[in-house]
Amino acid sequence: MSARSLRREALNLPNAITLTRIALIPVFLWFTYYESRVDSFIAAVLYAVTGATDFLDGWVARRKNLVTVIGKFLDPLADKLIVMAALVMLVHLGRVAAWVCIVVLAREFIVTGLRTIAMSEGIVIAAGQEGKHKTAFQVAGITFLLLHYTYPIDALVFSFDLDANRVGTWLIYISLFFSVWSAVSYFANFIRAVYRREGEAQASEDVRPNRRTSRG
């Protein structure tokens, strides 16, 4: 691939969206670190934007037929960098327990490793619905944890104080449930796919001698 075509692929619309999402990471981390009520709100909005546009780069790539090798690498990398950066900062600020970050990291390492092995073996394992639930609750949970403060809600028929940190904590715990569930499900599907493939190969080997014997 020439340098020119590589540059063109790297800067096409889907990859430009992905790179923009990555570029926003230090921005929302800066607002999170120098925390105040206003800065926390800005950080939460920026994170919500990076999380909500998770599907956008992939959708544009498929719609415009701009799927590239670079994009296949950058898109999942951006997702993991955004989540990990936010969680590490939240642990540093004492807004989330360290074990939560460890569980999320472990899950990502396990699933990424299994996907790498599956691809090397030519095995395709479809993502389950629980993974989508994990992502949705994770984005919402981290957004509320970045908001952090208590916000008075004054609606037409009721009013209350919204404790953003508490809401975010519960949402993160729910996302952890789906994280573990999706990892277990992916591992089980991986094992089934591997042994089914080996069983089919063994059955094929068992049939071949029988055919030669019948011809003889």
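Residues numbered from 1 in each chain as written. Predicted model: local features only at pLDDT ≥ 70, side-chain atom pairs only at ≥ 80, totals over all residues. Heavy atoms only, no water.

S.K.: Got a minute to help me understand the packing of aromatic side chains in this structure?
M.R.: Aromatic ring pairs are described here by two measures, namely the spacing of the ring centres and the angle between the planes. On inspection of all chains with the given rule, the structure shows 10 aromatic pairs. Ring centres of Trp30 and Phe31 lie 5.2 Å apart, and the angle between their planes is 85°; this geometry places the pair in the edge-to-face category. Under the relative-accessibility criterion, Trp30 is labelled partly exposed at 47%. Plain terms: the ring middles of Phe178 and Trp181 are 5.8 Å apart, the flat faces sit at 25° to each other, and that makes the pair stacked. With a gap of 3 residues between them, Phe178 and Trp181 both fall in helix 8 (residues 164-215), about one helical turn apart. A residue is classified by how much of its surface remains accessible, and Phe178, at 12% relative accessible area, is buried. Accessibility expressed as a relative area gives 43% for Trp181, which makes it partly exposed. Between Arg37 and the ring centre of Tyr151, over which it is positioned, the NZ or CZ distance is 4.6 Å. (Phe/Tyr/Trp six-rings, centres within 6.5 Å; stacked < 30°, edge-to-face > 60°. Buried < 20%, exposed > 50% of the residue type's maximum accessible area, 1.4 Å probe, protein only. Helix = DSSP H or I, 4+ residues; strand = E, 2+ residues; numbered from the N terminus. Lys NZ or Arg CZ within 6 Å of the ring centre and 35° of its normal.)

S.K.: Teacher, can you tell me more about the environment of Ala136 here?
M.R.: Here Ala136 lies in helix 7 (residues 129-147). With 39 residues separating them along the chain, Ala136 and Ser175 place their C-alpha atoms 7.8 Å apart.

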